[in-house]
2 protein chains.
Amino acid sequence: MHDKILRVNMTDLSTVVEPVPAAWIGHGGRGLTSTIVAAEVPPTCDPLGPRNKLVFAPGLLSGTTAANSGRLSAGAKSPLTGTIKESNAGGTSAQAFARMGIKALILEGMPEGDTWYGLHLGRDGVSIKEERELIGLGNFAVVKALEKRLAKKVGVIAIGPAGELRMNLANISVKDPDGKLRSHGRGGLGAVMGSKRIKFIAVDAEGAPPVELADPEKFKAAADVFASALSAHPVSGQVLPTYGTGVLVNVMNEAGGLPTRNFKYGQFEAHESISGERLRETMIARGRKTRRGCHSGCIVQCSKTFTDEEGNYITSGFEYPTIWGFGANCCIEDLNAIARLDGLMDDIGCDSIETAVTFAVAMEAGVLSFGDGKRAIEILDVDVREGTPLGRVLGGGAALAGKAYGLTRVPVVKGQGIPAYDPRSVKGIGVTYCTSTMGADHTAGYSVAMNILRVGGCVDPLEKEGQVELSRNLQIATAAVDSTGLCLFIAFPALDLPECLPAVVDMIDARFGICLEIEDVVSLGKYVLKTEHDFNTRAGFTRAHDRLPEFFEYEPLPPHGAVWDFTPEELDAFWDF
Amino acid sequence: MHDKILRVNMTDLSTVVEPVPAAWIGHGGRGLTSTIVAAEVPPTCDPLGPRNKLVFAPGLLSGTTAANSGRLSAGAKSPLTGTIKESNAGGTSAQAFARMGIKALILEGMPEGDTWYGLHLGRDGVSIKEERELIGLGNFAVVKALEKRLAKKVGVIAIGPAGELRMNLANISVKDPDGKLRSHGRGGLGAVMGSKRIKFIAVDAEGAPPVELADPEKFKAAADVFASALSAHPVSGQVLPTYGTGVLVNVMNEAGGLPTRNFKYGQFEAHESISGERLRETMIARGRKTRRGCHSGCIVQCSKTFTDEEGNYITSGFEYPTIWGFGANCCIEDLNAIARLDGLMDDIGCDSIETAVTFAVAMEAGVLSFGDGKRAIEILDVDVREGTPLGRVLGGGAALAGKAYGLTRVPVVKGQGIPAYDPRSVKGIGVTYCTSTMGADHTAGYSVAMNILRVGGCVDPLEKEGQVELSRNLQIATAAVDSTGLCLFIAFPALDLPECLPAVVDMIDARFGICLEIEDVVSLGKYVLKTEHDFNTRAGFTRAHDRLPEFFEYEPLPPHGAVWDFTPEELDAFWDF
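Residues numbered from 1 in each chain as written. Chains lettered and ligands numbered in written order. Predicted model: local features only at pLDDT ≥ 70, side-chain atom pairs only at ≥ 80, totals over all residues. Heavy atoms only, no water.

Participant: How should I be thinking about the side chain of D346 of chain A in this particular structure?
Facilitator: All names here are of chain A. Looking at the element boundaries, D346 is found in helix α11 (residues 335–348). One buried charged residue, D346, forms no salt bridge at all, with the nearest opposite charge on R182 at 7.5 Å. Here D346 is in contact with N139, F140, S173, L181, S183, T315 and S316, once residues within four sequence places are set aside. (Helix = DSSP H or I, 4+ residues; strand = E, 2+ residues; numbered from the N terminus. Buried < 20%, exposed > 50% of the residue type's maximum accessible area, 1.4 Å probe, protein only. Lys, Arg positive; Asp, Glu negative; His and termini not counted. Salt bridge = Lys/Arg side-chain N within 4 Å of Asp/Glu carboxyl O. Contact = heavy atoms within 4.5 Å.)

Right, dumping it as structure tokens:
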């Protein structure tokens, strides 16, 4: 079966199946979505207008038996940042796309009028149907209804009320193997899907053959090495499976880089009460299993489930950034309240980092008090869900809310909220925030690994030396990993265990019958970054946008008294490659 | 008496009197404020942070007997657009500044804490005092209270609630000769003043000597020629004094360029009911005088007063952009309601264009209905004045409100609302909107003169030919006029009557004892534009920002079916000078 491109035009509700252009054949995941967006979307277009396109693509290894290869990539011009945007998520659809030979799904145009639509993707292609019943519903109800309407195993890619309301903090949500939710986070891609009036994409790969491998034996050998490396590394093999990403709460607090009270302090007094250790104890006490994966084939199993005292599901995929964001940064000390907020965000389809950063900004503005979890739940569940005026202010994200309230202490880069590591005392991640092609984003180049976790070496987090090179190397590597469909956490073994990265290259070679060198992976990463950066330049971004908000320069962060002290020239050197 | 610079540091509440640097001596008004902002404000700074500066300067001819020379210039980095911003207004302070030898007043820094301050400017310098009594009050109450507290004749520069709340649509308001209000409009300069926690600047020039003239006789002769030209031209001598700027309602409707229902149509069915002619009839029927000036020495007297049926004051300075904005663009047909909105905006300190454009966007979003003047009054008087969540969305301006509601039909350039002339059917003004250094602004280069009014020649409004050159020449000339302290309406005689511009040059020569050529005026205008453009470039603006929103390209405007069809290359040629 030849791979194909599915193109859906929402202006005239037409669909077409196209062969894969030669220039796209070698690409997958982020490499492919960014290539398509850069080639077909006018960089100065309105992100919520008919000229933007929303592209989905599985990774190069998706659909194979490679561990942790089930990430689906989504790309578009971001309404939050105005830059190009790629976001990948677990769930059940990446493998389905790959098995059906769907190299990419391109959604373009925009219908007139108020009608909503659902897309149905299967082996026969894609069809567009009017949708009424599910409009206004949260993601959990949408998944349940589609399982009932179509099939229990149907894959679901959907938007919640936030996406319908075209809010900047809207995610695209995906059904995970347990029928719960994962998210294409950050950048407001849910608003792009909402602007095209698509409530959901149902994915049915029933009967599709397995992905073809050019060299099955070589693939299996490499996949075994790769899986062993993932299990062998202490972070991906022990720490993350045991505690989940929440383990970072105490680590970052100890390092003095846990942003607290809207980035006022680097430590949170009540850190123990929201720690990964407390999360694990609580779940053990409530009799829950603590490990699960976000997609089938995941062996890291970092996605934690959280229940109430009676064992009722509250949330899963309950990650450090969320716990930090509503915990330390909003000063909410109760893990139960934070878990409820996380579950609500899954249902409404809100990005948890952007939402939490925005709530802290709202607390700074006096809209609600720091620490008031009850009021935060109310505002999220009523105002944001329904799009009241307050919900609209917050739904616009931290930058918009900060402007609406005339604040200066607004932690954003290129309009996107700064996540869970303070750039003053973890300077490598600050370089990533500044230079990422998608606004402040820790996953773009996770310098925390070397600055704090001492994975892959050690660079002093409080000194400027070496940080620009560190962030550059990590961003290049990440752009390549994001093209494979592999989970970013493979970076831990890849950085420390020499057999890991060659095994990944071998798997790609064996999948496609090609012969890559490690250097080709680096070239791929550079190509992806430069393609994205070029899009941004054409969209009007300059080096003047590769900067942190100025308050980081004149507000020293306790306990280290650190300030952000990179010169423009030092930051601009990032792009010298 | 030597001219001086007054510098007020709001961080440590210190003030200093400085000599005028050599490079600033030849400048006044916009030329001086833009020079100072470009020299002293870091272009990437937070407009509401301590690194921005707010600069006031009288024009080169302010304080003299030259007709219409009483415009005060204010400049800063704009929180609305992120660009450099200059805005000039009538009122009573420009002449006072000039007579006291205050070449410029520079407000810098930002206090910590919640205390508000009032500045007192007099012949002895400037003092800073804590202010409690007037906080939260509207501008009318502030003027009254300061007249009572200080002196009937005191000049007042103040912010209303909108400025205190640091809203993007906040103006700086100035007391006019009747104790009513004029505004430094557009760009949110009121929010900058609010960020520095200055509620008002009281200006007391009591006992200051007249401005010294190098050649009083030459000055008087030139001033007479200039005043005669103003009176002789049909627009400044007859049309504006008789009808005010509201005369443009019927003119623009006839031309099919009166943006209606949030820029959906080019004509408004109920145009007669909001016309300048109807305004005049109404005021004659209500027994009011119809002519007044915004500053002493004004002989155009376009500033109309509007009363209710009992003769009670509702508003003055009731201009075409406001009448258009809440009239045609919000479809409010009742001039009385529009006048009430205008009076409220004076009191709250809101920019009337930005506010009206924002309300039309809110109507598009369904927040209120098109045509609902009653609800508009309520929202303005309660929500915007008090800064409720809805008030915060609208207070952020049209771009912010459009983003909050996820709309594509948001008429802004560089974040500033597009004013009262549709760029599709008045293409010359569209070029000005795109290329102005301060976002969409008709006053930056009023191509309407040649496109529609046939002053200074005639360029077909529906054709692209000649529009870029037209806008360029007008923007250069306007930057020079804005430096003189003269009202922009001198452009009408200057464009048509050969004796007018030489008389202006002669007045400047006679004031300072210098010898300029007409070519020097052109050079001054070019210098001002390039200084501002360079600031914007350093702030991160590129040619990609010199564009209209894309809906103007694909939505034809009735009745002409005109679309915006300039190529990027055609627009970029603007800066080839």
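After that view of the structure, there is still more to cover.
Participant: How should I be thinking about the relation of the copies chain B and chain A in this particular structure?
Facilitator: Relating one copy of the chain to the other takes a rotation about an axis and a shift parallel to that axis. It takes a turn of 180 degrees to lay chain B on chain A, together with a shift of 0.0 Å along the axis; the resulting RMSD is 0.0 Å. The operation mapping one copy onto its partner corresponds to a two-fold rotation axis. Nearest to the rotation axis, the C-alpha of P389 of chain B is located 2.8 Å from it, this being the minimum over chain B. (Least-squares fit on C-alpha atoms with pLDDT ≥ 70 in both.)

Participant: Even after reading the chapter, I still don't get the sheet that holds strand β1 (residues 4–9) of chain B, so can you show me in this structure?
Facilitator: Adjacent strands of a sheet form backbone hydrogen bonds with each other and so pair up, either parallel or antiparallel. Residue and element names in this part refer to chain B. Sheet architecture is open: six strands sit in the order β2-β1-β6-β3-β4-β5, paired in mixed fashion. The open sheet terminates on both sides in strands that have one partner only, identified here as β2 (14–19) and β5 (84–89). On average, each strand axis in the sheet is tilted by 15 degrees relative to the strand beside it, whichever way the strands run. (Pairing = 2+ DSSP bridges. Axes fitted to C-alpha atoms, helices over the stretch in contact; angles between N-to-C directions.)

Participant: Would you take a moment to explain the pattern of salt bridges for this structure?
Facilitator: Any two side chains of opposite charge can pair, given that their charged atoms come close. Within the structure shown, the criterion is met by 63 salt bridges over all chains. Across the pair D565 of chain A and K427 of chain A runs a salt bridge, and its minimum N-O distance is 3.5 Å. Here D565 of chain A is found in the loop between α22 (551–554) and α23 (568–572), whereas its partner K427 of chain A is found in helix α16 (residues 427–435), with 138 residues between them in sequence. Residue D347 of chain B is joined to R385 of chain B by a salt bridge in which the shortest nitrogen-to-oxygen separation is 3.1 Å. Note that D347 of chain B is positioned in helix α11 (residues 335–348) and R385 of chain B in helix α13 (residues 373–386), a separation of 38 residues in sequence.

Participant: I would appreciate a short explanation of the interface of chain B and chain A in the present structure.
Facilitator: Accessible area lost upon the coming together of the parts is a frequently used measure of interface size. Taken together, the contact pairs 32 residues of chain B with 32 residues of chain A. A combined buried area of about 2,700 Å² lies between chain B and chain A, and 54% of that area is made up of carbon and sulfur atoms. Taken as a group, R51, R392 and E550 of chain B account for 20% of the area that chain B buries against chain A, more than any other trio of residues on that side. Here chain B is connected to chain A by three salt bridges. The salt bridge involving E553 of chain B is made with R51 of chain A; its shortest N-O contact spans 2.9 Å. Of all the secondary-structure elements, those providing two or more residues to the side of chain B that touches chain A are α14 (389–395), α15 (398–404), α21 (518–539) and α22 (551–554) of chain B. Here the side of chain B that touches chain A takes four residues from α14 of chain B, the largest share from any one element. Residue composition of the side of chain B that touches chain A, grouped by class: 16 nonpolar, eight polar and eight charged. (Buried area = accessible area lost by both parts, 1.4 Å probe. Nonpolar A, V, L, I, M, F, W, Y, C, P; charged D, E, K, R; others polar.)

Participant: Just to check I follow, could you spell out the environment of I348 of chain A for this structure?
Facilitator: All names here are of chain A. By the element assignment, I348 lies in helix α11. Its relative accessible area of 0% is what places I348 among the buried residues. For the pair I348 and D546, spaced 198 residues apart in the sequence, the C-alpha separation amounts to 31 Å. Look past the residues within four positions of I348 in its chain and what remains in contact with it is N139, G160, P161, A162, L380, D381, V384 and R385.

Participant: Explain the packing of aromatic side chains to me, please; I cannot follow it from the model alone.
Facilitator: For any pair of aromatic rings, the description consists of the separation of the ring centres together with the inter-plane angle of the planes. A complete count under the given rule lists 26 aromatic pairs over all chains for this structure. Judged by centre distance (5.5 Å) and plane angle (65 degrees), the ring pair of F306 of chain B and F318 of chain B falls under edge-to-face. Taken together, the residues span a long stretch of sequence, with F306 of chain B in strand β13 (residues 305–307) and F318 of chain B in the loop between β14 (313–316) and α10 (320–326) at a distance of 12 residues. Taken as a pair, F306 of chain B and F318 of chain B share a single burial class, namely buried. Plain terms: the ring middles of F489 of chain B and F492 of chain B are 5.9 Å apart, the flat faces sit at 35 degrees to each other, and that makes the pair tilted. With a relative accessible area of 23%, F489 of chain B lands in the partly exposed category. For the cation-ring pair, K464 of chain A lies above F566 of chain A, with the distance from its terminal atom to the ring centre recorded as 5.7 Å. (Phe/Tyr/Trp six-rings, centres within 6.5 Å; stacked < 30°, edge-to-face > 60°. Lys NZ or Arg CZ within 6 Å of the ring centre and 35° of its normal.)

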